Amino acid sequence: MSSTPAPSFLTGLKRGLLHRCPNCGDGRLYMRYLKVDPECEVCGHDLADYPADDGPAYFTILIIGHLFVAPLLLFPFIWKAPVGLVLPLTVLPLAALTLVLLPRVKGAVIGALWAIKLRKAQDAPGD
């Protein structure tokens with residue numbers, strides 16, 4: 001039996017949200033805005049093997065849509081104010097929030113994939 005404990009799902013999510021290596025929690029996850037480091041500089045864990053693909057974008061759209069856009073439609077000023085005023089007052093903060101949230105959601109997805117031990121083709125069900 002292995003003496004290392006099973007990875008915690010919440011630990012993976014937390015480390016990913018903080019842009020840290022899900023394995024050790026110390027190394028950085030990204031080398032640029034959304035470009036994942038090939039391996040952790042602290043523990044050497046292979047970070048490029050986690051298939052985040054389009055999941056982070058879909059989760060970000062889901063979160064932004066439910067927490068920002070849907071409640072915004074309930075305010076009367078959206079329907080009564082001129083379009084030239086409403087558009088910059090809503091689209092600019094919405095774009096900024098999306099750009100801030102996307103790397104955090106991608107980190108959380110990578111942390112979740114680490115916790116459930118799902119890597120690219122080698123662990124995929126099927127063939």
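Structure's up top.
Before going into details, it helps to say that this report is about the structure given with it. (Residues numbered from 1 in each chain as written. Predicted model: local features only at pLDDT ≥ 70, side-chain atom pairs only at ≥ 80, totals over all residues. Heavy atoms only, no water.)

Here Lys106 is to be found in helix 4 (residues 83–115). Despite its burial, Lys106 pairs with no opposite charge, the nearest such side chain being Asp53 at 8.4 Å. Every residue in contact with Lys106, bar those within four places of it in the chain, is listed here: Tyr30, Leu34, Val36, Ala52 and Pro56. (Helix = DSSP H or I, 4+ residues; strand = E, 2+ residues; numbered from the N terminus. Buried < 20%, exposed > 50% of the residue type's maximum accessible area, 1.4 Å probe, protein only. Lys, Arg positive; Asp, Glu negative; His and termini not counted. Salt bridge = Lys/Arg side-chain N within 4 Å of Asp/Glu carboxyl O. Contact = heavy atoms within 4.5 Å.)

Okay, unusual backbone geometry next. In the Ramachandran plot, His19 falls in the positive-phi region, its phi being about 60° despite a non-glycine side chain. In this fold, His19 is placed in the loop between helix 1 (9–17) and helix 2 (55–72). On the accessibility criterion, His19 (22% relative accessible area) is partly exposed. Look at Asp53: it is not a glycine, yet its phi comes out positive at around 45°. Within the element layout of this structure, Asp53 appears in the loop between helix 1 and helix 2. For Asp53, a relative accessible area of 67% translates into the label exposed.

Remark: helix 2 packs on helix 4, axes separated minimally by 8 Å, with the N-to-C direction vectors making an angle of 140°. Taken as a pair, helix 2 and helix 4 cross one another with a handedness that is right-handed. Residues Pro56, Ala57, Phe59, Thr60, Ile63, Ile64, Phe68, Val69 and Leu72 of helix 2 lie in contact with helix 4, whose contacting residues are Thr90, Pro93, Leu94, Leu97, Thr98, Leu101, Leu102, Val105, Lys106 and Val109. Here the contact of helix 2 with helix 4 is built from residues that sort into 15 nonpolar, three polar and one charged. (Axes fitted to C-alpha atoms, helices over the stretch in contact; angles between N-to-C directions. Left-handed = near helix turned anticlockwise from the far one by under 90°. Nonpolar A, V, L, I, M, F, W, Y, C, P; charged D, E, K, R; others polar.)

Within soluble globular proteins, side chains that are nonpolar generally end up buried alongside one another. Leu29, Val36, Leu47, Tyr50, Val109 and Ile110 are the most contacted members of the largest nonpolar core, which has 14 residues in total. Val109 has contacts with Ala52, Pro56 and Phe59, leaving out every residue within four places of it along the chain. (Core = buried A, V, L, I, M, F, W, Y, C linked by side-chain atoms within 4.5 Å.)

Turning our eyes to something else, we now look at the packing of helix 1 against helix 4. When two helices pack together, you describe them by how their axes are tilted relative to each other and by the distance separating the axes. Look at helix 1 against helix 4: their axes get within 7 Å of each other, and the N-to-C directions meet at 150°. It follows that helix 1 is roughly antiparallel to helix 4 by the angle criterion. Between helix 1 and helix 4 lies a crossing whose hand is right-handed. Each of Phe9, Gly12, Leu13, Arg15, Gly16 and Leu17 in helix 1 lies in contact with helix 4, whose residues at this interface are Arg104, Gly107, Ala108, Gly111, Ala112, Trp114 and Ala115. By residue class, the composition of the contact of helix 1 with helix 4 is seven nonpolar, four polar and two charged. (Parallel < 35°, antiparallel > 145°, perpendicular 65-115°, else oblique.)

Per the counting criterion, the structure on display carries three salt bridges. Here Asp37 ties to Arg28 by a salt bridge, and the two come within 2.8 Å at their closest N and O atoms. Asp37 sits in the buried class, given a relative accessible area of 5%. For Arg28, a relative accessible area of 39% corresponds to the partly exposed category. Several salt bridges converge on common partners, so that one network encompasses Arg28, Asp37 and Glu41.

Within the fold, His45 resides in the loop between helix 1 and helix 2. Within polar-contact distance, the side chain of His45 engages the side chain of Arg119 at 3.3 Å. What His45 contacts, discounting residues up to four positions off in sequence, is Cys21, Asn23, Pro38, Glu39, Cys40, Tyr50, Trp114 and Arg119. (Polar contact = N/O pair within 3.5 Å; in protein donor to acceptor, adjacent residues only side chain to side chain.)

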